[in-house]
Structure formats: C-alpha cells, structure tokens
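One letter stands for each residue in the lines below.
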Amino acid sequence: MATNGYRILLPTDGSYPAIAATVRAIEMAKDRKAQLIILNVSEQVTAAGMERIAEDSALMRTAGIDGVAYARDMASKAGIPMEIVRREGAVVGEIVRAAADMDVDIIVMGSSTIKGLPGLYLGSVSRGVIKDAPCDVVVVKLTEEEMKKAVQLAHDIAAAMKLPPVKFDISDITRSRKFKVGIGLLAVYSVTYLLFTVLGTFIKNPDSVLDLSVFSLPMLGTNLGIVFGMVVIFMAIIMAVVFNWYAGRSERGSGGE
Amino acid sequence: MAYEFKPVAFALFVLITLITLAISVYASRRVRTAGHYYVAGGGVKWFVNGIAFAGDYLSAASFLGIAGLIAFSGYDGFMYAIGFLAGWIIALFLIAEPLRKIGKYTFGDALAAKFKDRRVRLMASISAIVVSVFYLIPQMVGAGSIVQPLLGLDYEVGVLIVGMVVVLIVATAGMVSTTWVQFIKGFLLLFAALGLTIGVLMVAGLGPIEFIGDFVSNPSVTVPTTGGGEISYPGEAFMSPGIKYKDPWDFVSLALGLILGTAALPHILIRYYTVPKPSDARKSTVVAIIAIGAFYVLVLFLGLGANYFQTLDPSNQNLSAPLLAEYIGGEVFFAIISSIAFATILGTVSGLIMAASGAIAHDIYTEYMGRRGDDKKTLRVSKVTAVAVGIVAIVLGIAMKGQNVAFLVGLAFAIAASANIPALLCMLFWKKTTSQGIIAGILVGLVLSIGLILISPTFMGADAAFFSLYNPGIISIPIGFLVTIGVSLMTQKSVEEKKAKTAADS
C-alpha cells in the first residue's frame, strides 16, 4: 500500500491501554494510508523484580505479551507499512524525542491513568507527552466493547506465542579470564575468612590466664581480633574495587559486553 | 526500663518519615515522567542502585541488632558484622554474572526454567516464603523495640501497629516502588552512623584507636542484666570471642551460615537485575560493598559507645543505638535515629511481604496450580496472602520479644543458606544435577535447619536443648549439599533413559 507520507507514532509497552491504542492506530493508519512507527521504550528504572511486577499491575501491563510484536502482527495483517523503533531511557522523554527525530504527524497512545497511590507514584505518561510533544497527540479511550475485543485478542496472541527457550550455557562466563580472576580472589578471601574464624575460636592465647582466644593478643593499641577483623572488612572492599577495575578493563578490551 | 511518651520526638519522627516518603515519591515520579531523556544521567543509576542495595541489606538487624550485640557481648557481635559483609564477596564473584546470564530474575524462575518440573518451582517458592517469614520476625521485633521508647507503648502494641500499617499499605494501595526509599534510607543510615560515631568519640574525648584500646585495657566492662544486677568482664575478654558463644563450633556454624546466606536471600539477589547492563550490576555491587563495609566499621563504635556510656536496656538489646543517640544528641537526635530505623524496617517488611505473597500468587497459584488468565483473582490471592503473612509475622514477632534482632537474622541466613545455596550452586556449576536432587536438597535443608533451631538452646533453654549449638548451619548446609548431590547421582539413570526415549521418539 502506498502511503501519502503521513506518519503515525505508536508507543507501546504491551499494557491494556497500549493495546487499545494499537487497535485505534491501525484503524487510523488504514483510513489515512499512513505509515505506522511502532515505538518501544525500555525504561532504565532501578526497580527490583517485585516492584516491576507491582508497577506492571498498576499500569495494567499484565496482558503478558510483547506489545511490539502485537502491533507488528496487527499492522502486517492490515497491510500497513511500518517501522519498529526501540529506545532506552525515560519514557516521556524518549517518546517526545522520537516524535521529533522521525518527524511524525501524530502520536497515538493509551491513556495510562493510574488510580490510587501508584498513580501518585508513577505519574501519567500521556499527560507528560501531551505537554511536550512537537505534534498532535491522540489519547485513546476505547469503548468497553472495543476493549473487550482487544483484550481477548491479546490473550489469544499471548497463548499462541511460545516463549523462547532459556539457554543454560554459561560456559562463556565460566571460561572467561574475568570469572577465573574472580574465583581466585574468592579463594583468597575464603581462606582469610576461614583463618579468621578458626584462629578466633579454636586457638588460645598462650599468655592469657583467662583461657582467652589468641585474638586477645595486644596489637597496634588494640588487639589481634580487632586488627584482623578490620583487615577482613577492608579486604572485601579492596577486592571489590580491584575486581571492578579489572573487569571494566577486560570488558573494554574485548570491545564491550 | 519504663518509657514515657515523648511528644517532640514523636512529632519529629512523623515529620522525618513523611519527608522521606515524599522525596521518594517525587524522585521516582521524576525519573518516570520528566520530559528530559537525560534525567538521572547514565552514570548515576548504578550508584543509586548500589546505595539502595545497602539500604535493603542494612535492615534493622545491622543497625539495631549488631550494635546491641556488640554493646552486650563485645567481640561476638563484631563477628556478625564481618560475616554479613563476607556474604557479598560470594555473591559478587560466584553467583551474580552466571545467574544474570541465565536471564531469570529469581531463584525459583531459574530453577523452574532449567528443570521444567512444576514440583521444583513449588519447592523453591515454599523455600522463598519460609525464608521471608523468618526474615520478617526480626524486623517485627525491631519495630516493636523502636516504638516502645518513642511512644511509651508496650512492645506488643508496637509490633501490632507496625504490622497492621504495613499490611494495610501492601494490601490496599497495591505496591509502590521502594528503590528510592531504600536509596534515601541507605544514605541516611550511613550519615547517622557516621554522625553518631563522631559524637561518641567527641563526648568520650578519645581517638578511634584509643577508644577501642580503652576497652581492651579496661579491667572491668559492665553489662546490666534483666534482674537489675550487672555482670563485669575483663576488657580483654569482652574484646575477644567467647562472651555469647562459649562453644567454638557455634562460631564456625554462624560464620558458615553468614557467608553463604547473603547469596541465598531472594530479595537481595533480585537487585542484580535492576540495572540494564551486567557491568552496571557489578558496579552497584561494588558500591554496596563499600557502603556496607564502612557501615560495619562504624557499627563497632556504636555498640562500644552504648556500653561506654551505659545506654543499655537489659530487657531489650536492640535499643542500644537509639538510646545512645538520645544520650549523645538529646531528643532530636533520638527522633532522627528512630525514624531512620523505622523507615528501614518499613521498607524491608513491605519488600518481604511482597516477596512472600508474590511467591504464592505468582509461583504457586498461577504457575503451579495453573490458574492463568484471571488477573483479578491473582491479585486478590496476593492480597489475601499479604494479610496472612503479615499476621503470621505479627504473632511470631510478639513471641520473639526480647531476642536480639541480629541473632534472629543470623538464623534466617542459616535457613536460606541450607535450603537454597546447594540448589543454586549445583544448578549453575554441576551438569549432573537432577530435579529430584534439587527438590530433596531444598526440602532437607529447610526441614533440618528449622528443626535444629527448634531443638536448640534458643527455644529449649541452655540445659534442656537436644542440639547444643545456637546456629544450625554447620550441620544443615553440608547435609543440604550431600542430599542434593546424592539424590542427583541416584536419579541419573532415569534422566538418561528419558533422554534416550525422547531421542528415539524424534
């Protein structure tokens, strides 16, 4: 299908509102003979696994499907020319920047109105995009009937999609020099820790009338126990820093990760 | 010791807690929705994550528990600090990168993906729930301890209030990101410990080495007892091992549990995946090790300071650091320290309850029982679970009144290490591991470590105990390995037959 140069940007993360936006964006692309640009922004938020799950449920991102794959399949079924763009960064900023970079005519997106405390916490992406976008923005509100259809379709696709098999081959890591250096450092540290434990508990101070541990031997104004303990603590810090430096160097040497 | 309600301290406490929450809301909102893509520029994330790591790890155990242990048992408490740090070295060198490479975010997910056996997932999630509950107990004990001097309320009421507040947050509001809370809290904790240490040294008028030396050469270090009396130890005895643990094997057992425990805690390992690149994950671990190591050096001064100024409550060791703060800096400083400790507990408790209810809702309900597709029901299951786990934690927290928080966390570490470390290491580094081996190893590690704790002096009293060591690790961790390896070897044949069969079929 020939296009008339009209470009629609569809940001999607696989959430229900995004799937609703996908449905609408494809209708619009058909009507206007437009080109569809599918955008996925992976956020670099420092959130732990459970927090991700929590955020997913707050954003209704629980369809469990790849939003980009869904939009791609829908678009190719409808015969709409498309382009897929993946970016990393803060969601709103990346959407706005992509819209400017790719000179799109309109952004079609879901309304991520989040209710309750998570809403206060997460803020609204659509509101941010409306504020800063260089072009028109359509925030999709589907009817209940349309939404049901979209959700059903999303579930069907999710069920049909097979997750790629997990690779359990970690031999490239275990064979790497970096990992071996790490094991070496770990061995040195383990021996020190073992020595610390055994010395502190089983070996007695020959001078002590109280039958105390050898750790009670005076040393550097304190005693052996405090000095050895501090050595074990600072050894961990130094090893971590040295390993980080070495690993960083070897990663750069091999041309990144 | 009787405590009165302190209105100024309480007002400050509420204020600081609210400010912490407000800052974290603002920060996480900004990162998410700000119109600029260079928000929190690329170089900062691993640092934030590293401090959040430290904030997550330095729970009530480190701040309240270890300081208390050092104040009452001298060097034996310092052993905890060293062991808690040592665990990170194992996580950094041995576990982090291989586990990340597999691309599964939790221990249970990784095991289930490798063995494709639903029973493995069930076993791993049971282990996650049990470890979470055992880790929750000390947090509850810490919470009850803090509320006592702040509000003048009974310990039991304190545990109940904290438990209910957290359950309410988790069950009604849903779940909000805690990374920024952990980051701010980690930072505050480090500064508080530094400030308190400087205060101790200034009030005592001694340099850091002189201060420790003063203890070593002190002819009698006194510790109050619950009966109203006191015990004196010669300084050289107080500053070397043997006050709390008379049996050397108890120390070895503790040391083993601590070094292997960190890498086995599900809520810690999860943080490896919060930054996008493996190199960032490594960098944040390094930041965490520096922060945690520095903190444990400072904690030695907090514990000794509490003893030096005798800010000790014999019925509750966990109050040593807050009471020290009150002595050094008055009510204001006391309020600051208490609110930091409280924020610490709140963050850790909600994280643990989420992890436990997540294990039940995600792993057991959705994956094991196969109830997919109904998100509302799954969410309800997770909320009901959160309430149930919260109630269990409140009850156990009240039952464990008066126990030292760090000691209780030490037990949680031993359980985690016994159940999870053999499975984790065998899965990663030993090709012959079978799903039966994993299931048997986790089960035996879990049952044995908890069983040994139940018949230890902690529960049965020093004289009646069937098992004389306080810490089960020295028995239960090696047996966990033996069972995992043994059962795997015994079930090799059936795996090979299956392989041969599938090969013949295809």
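All figures in this text were calculated on a predicted structure; none of them were measured in a lab.

**Student:** What should I look at first to understand the overall build of chain A in this one?
**Tutor:** Along its length, chain A carries ten helices and seven strands. A buried classification covers 51% of the 257 residues belonging to chain A. For chain A, contacts bridging at least 24 residues in sequence account for 75% of all contacts bridging at least 6. For chain A, the exposed surface amounts to about 12,600 Å²; the carbon and sulfur share of it is 59%.

**Student:** Is there a simple way to explain the side chain of B:Asn420 in this structure?
**Tutor:** Tracing the backbone through its elements, the reader meets B:Asn420 in helix 16 (residues 405–429). Owing to a relative accessible area of 2%, B:Asn420 belongs among the buried residues under this scheme.

**Student:** Looking at this model, I keep getting lost on the sheet that holds strand 2 (residues 35–42) of chain A. Mind explaining?
**Tutor:** Note on sheets: strands pair through backbone hydrogen bonds, and any given pair is parallel or antiparallel. Residues and elements named next belong to chain A. On the basis of which strands lie adjacent, the open sheet formed by five strands has the order 3-2-1-4-5 and parallel pairing. Here the strands that pair on one side only, and so sit at the sheet edges, are strand 3 (82–88) and strand 5 (136–140). Across the sheet, the mean angle separating the axes of adjacent strands is 25° when strand polarity is ignored. Note: strand 4 (residues 106–110) against strand 5, five bridges, orientation parallel. Across the sheet, Ile107 pairs through a bridge with Val137, a residue of strand 5. In the packing of helix 6 (residues 125–132) onto the sheet, the strands contacted are strand 4 and strand 5, and the crossing angle to strand 4 comes to about 165°.

**Student:** Teacher, can you tell me more about unusual backbone geometry here?
**Tutor:** Most peptide bonds take the trans configuration, and most residues that are not glycine carry a negative phi. We note that A:Lys33 has phi near 55°; this positive angle belongs to a residue other than glycine. Residue position: A:Lys33 is located in the loop between helix 1 (16–32) and strand 2. One non-glycine residue, B:Gln310, lies in the positive phi region at around 55°. With respect to the helices and strands, the residue B:Gln310 is situated in the loop between helix 13 (278–308) and helix 14 (320–368). Accessibility expressed as a relative area gives 34% for B:Gln310, which makes it partly exposed.

**Student:** Any chance you could explain the pairing of strand 1 (residues 7–11) of chain A here in plain terms?
**Tutor:** Regular strands place side chains that alternate from one sheet face to the opposite one. Residues and elements named next belong to chain A. Strand 1 sits mainly inside the fold: five of its five residues count as buried. Burial along strand 1 is two-sided: the face carrying Arg7, Leu9 and Pro11 and the face carrying Ile8 and Leu10 are both buried. As paired strands, strand 1 and strand 2 are joined by five bridges and run parallel to one another. The residue bridging Ile8 from the neighbouring strand is Leu36, located in strand 2. Taken together, strand 1, helix 1 and strand 2 constitute a β-α-β crossover, and its handedness is right-handed. Pairing analysis gives two bridges linking strand 1 to strand 4, with the strands arranged parallel. Across the sheet, residue Ile8 finds its bridge partner in strand 4, namely Ile106.

**Student:** Can you walk me through the nonpolar core in this structure?
**Tutor:** Most often, soluble globular proteins have nonpolar side chains that are buried together. B:Tyr80 and B:Tyr296 are the most contacted members of the largest nonpolar core, which has 181 residues in total. Not counting residues within four places of it along the chain, the set of residues in contact with B:Tyr296 comprises A:Ile233, B:Tyr57, B:Leu58, B:Ser62, B:Ile66, B:Phe78, B:Ala81, B:Phe84 and B:Leu85. Core analysis: the second largest hydrophobic core is formed by 24 residues, A:Ile8, A:Ala21, A:Met28 and A:Val140 among them.

**Student:** When you look at the packing of helix 16 of chain B against helix 17 (residues 435–454) of chain B in this model, what are you seeing that I'm missing?
**Tutor:** Each pair of packed helices can be described by the angle between their axes along with the distance between the axes. Residues and elements named next belong to chain B. It is the contact of helix 16 with helix 17, at a shortest axis distance of 7 Å, that shows an interaxial angle of 160°. As the angle between them shows, helix 16 and helix 17 are arranged roughly antiparallel. The crossing of helix 16 and helix 17 is right-handed. Residues Leu411, Ile415, Ser418, Ala419 and Ala423 of helix 16 pack against Ile438, Gly441, Ile442, Gly445, Leu446, Ser449, Ile450 and Ile453 of helix 17.

**Student:** Please explain the pattern of salt bridges as it appears in this structure.
**Tutor:** Should their charged atoms come close, side chains of opposite charge can pair. Applying the stated criterion across every chain, the model contains four salt bridges over all chains. Put simply, A:Arg97 and A:Glu94 hold a salt bridge, and the shortest N to O gap is 3.5 Å. Linking A:Arg97 with A:Glu94, this pair stays in helix 4 (residues 91–101), spanning three residues, or about one helical turn. For A:Glu94, a relative accessible area of 2% puts it in the buried group. In this structure, the salt-bridge partner of B:Glu156 is B:Lys401, at a minimum N-O distance of 3.6 Å. Highlighted residues: B:Glu156 in helix 7 (residues 155–172) and B:Lys401 in the loop between helix 15 (375–399) and helix 16, separated in sequence by 245 residues. The class of B:Glu156 is partly exposed, set by a relative accessible area of 29%. The class of B:Lys401 is partly exposed, set by a relative accessible area of 47%.

**Student:** Which parts of the structure should I look at to understand the packing of helix 17 of chain B against helix 19 (residues 473–490) of chain B?
**Tutor:** All names here are of chain B. Between helix 17 and helix 19, the shortest axis-to-axis distance is 8 Å and the interhelical angle comes to 160°. On the basis of the axis angle, helix 17 is roughly antiparallel to helix 19. Crossing of helix 17 over helix 19 shows right-handed handedness. Along its contact with helix 17, which presents Gln436, Gly437, Ile438, Ala440, Gly441, Val444, Leu448, Ser449 and Leu452, the element helix 19 presents Ile475, Ser476, Ile479, Gly480, Val483, Thr484, Val487 and Ser488. Looking at the contact of helix 17 with helix 19 residue by residue, the classes come out as nine nonpolar, eight polar and no charged.

**Student:** Could you clarify how one ought to interpret the packing of aromatic side chains in this entry?
**Tutor:** Working definition: an aromatic ring pair is given by the centre-to-centre distance plus the angle between the planes. Residue and element names in this part refer to chain B. Inspection of the entire model under this criterion finds 23 aromatic pairs over all chains. Relative to Phe84, the ring of Tyr80 lies with its centre 6.1 Å away and its plane at 45°, an arrangement referred to as tilted. Of the two residues, Tyr80 and Phe84 are both situated in helix 4 (residues 75–102); the distance of four residues between them amounts to about one turn of the helix. Judged by its relative accessible area of 0%, Tyr80 is buried. The class of Phe84 is buried, set by a relative accessible area of 2%. Where Phe295 meets Tyr296, the ring centres are 6.0 Å apart and the plane angle is 65°; that geometry is what we call edge-to-face. In this pair, the class of Phe295 matches that of Tyr296, namely buried. Members of the aromatic cluster, joined through ring pairs, are Tyr57, Phe63, Tyr80, Phe84, Trp88, Tyr135, Phe295, Tyr296 and Phe413.

**Student:** Sorry if this is basic, but what is going on with the environment of B:Tyr327 here?
**Tutor:** Residues and elements named next belong to chain B. By the secondary structure assignment, Tyr327 is in helix 14. According to the relative accessible area criterion, Tyr327 is partly exposed, its value standing at 47%. As for Tyr327 and Ala306, which are separated by 21 residues in sequence, their C-alpha atoms are 9.1 Å apart. Those residues in contact with Tyr327 that lie beyond four places of it in its chain are Val203, Phe309 and Thr311.

**Student:** Teacher, can you tell me more about the confidence of the model for chain B here?
**Tutor:** Residue and element names in this part refer to chain B. The pLDDT averaged across chain B works out to 79; a share of 83% of its residues lies at or above 70. Of all the helices and strands in chain B, helix 20 (residues 492–505) carries the lowest mean pLDDT, 63, while helix 19 carries the highest, 91. Confidence drops under a pLDDT of 50 for residues 33–44, and excluding neighbours within four residues, the segment shows 21 contacts in the predicted structure. Model confidence for the complex is summarised by a pTM of 0.78, with the ipTM given as 0.83.

**Student:** How do you make sense of a positive patch on the surface when you look at a structure like this?
**Tutor:** Together, A:Arg175, A:Arg177, A:Lys180 and B:Lys431 line one region of the surface with positive charge. With respect to the helices, strands and loops of the structure, A:Lys180 is situated in helix 9 (residues 177–202). Residue classification places A:Lys180 among the exposed positions, given a relative accessible area of 52%.

The rules we used
Going along each chain's sequence as written, the residues are numbered from 1 onward. Here chains are named by letter from A upward and ligands by number from 1 upward, in the order in which they appear as written. Residue-level local features of this predicted model are given only where pLDDT is at least 70; pairs of side-chain atoms are given and counted only at 80 or more, and the full residue set underlies all totals for whole chains, interfaces and linings. To get the side-chain values, all heavy atoms of the structure are used, and hydrogens and water are removed first. Helix and strand definitions here come from DSSP, where helices need a minimum of 4 consecutive H or I residues and strands a minimum of 2 consecutive E residues; each element is numbered from the N-terminal end. Type-normalised accessible area, obtained with a 1.4 Å probe on protein chains alone, sets the label of each residue: buried when under 20%, exposed when over 50%, and partly exposed for intermediate values. The contact rule is simple, with two residues in contact once any of their heavy atoms fall within 4.5 Å. Exposure was quantified through the Shrake-Rupley algorithm and a 1.4 Å probe, taking into account, for residues, occlusion by the shown protein chains and nothing else. Strands are labelled as partners when DSSP assigns at least two bridges between them. Axis angles are defined between N-to-C directions and span 0 to 180 degrees, where every axis is a line fitted to C-alpha atoms and, for a helix, only to the segment in contact. Handedness of a crossover is defined as follows: with both strands directed away from the viewer, a clockwise route from the first strand across the helix to the second makes it right-handed. Nine residue types can take part in a nonpolar core, namely buried Ala, Val, Leu, Ile, Met, Phe, Trp, Tyr and Cys, and a core is a set of them joined through side-chain atoms within 4.5 Å. Angles are sorted into four bins: roughly parallel if under 35 degrees, roughly antiparallel if over 145, roughly perpendicular if 65 to 115, and oblique for all others. Left-handed describes a crossing whose near helix is turned anticlockwise from the far helix through less than a right angle; right-handed describes the clockwise counterpart. Salt bridges are counted wherever a side-chain nitrogen of Lys or Arg sits within 4 Å of a carboxyl oxygen of Asp or Glu. Note on residue categories: nonpolar means Ala, Val, Leu, Ile, Met, Phe, Trp, Tyr, Cys or Pro, charged means Asp, Glu, Lys or Arg, and polar means any other residue, Gly included. The aromatic pairing rule takes the rings of Phe, Tyr and Trp, using the six-membered ring of Trp, and pairs them if the centres are within 6.5 Å, calling planes under 30 degrees apart stacked, those over 60 edge-to-face and the rest tilted. The predictor attaches a confidence to each residue, called pLDDT, with possible values from 0 through 100. Two joining distances apply to patches: 9 Å for like charges and 5 Å for nonpolar side chains (Val, Leu, Ile, Met, Phe, Trp, Tyr), and every residue must have over 30% relative accessible area and no salt bridge. By the counting rule applied here, Lys and Arg register as positive and Asp and Glu as negative, while His and the ends of each chain are not counted. Charge positions come from single atoms, namely NZ of Lys, CZ of Arg, CG of Asp or CD of Glu.

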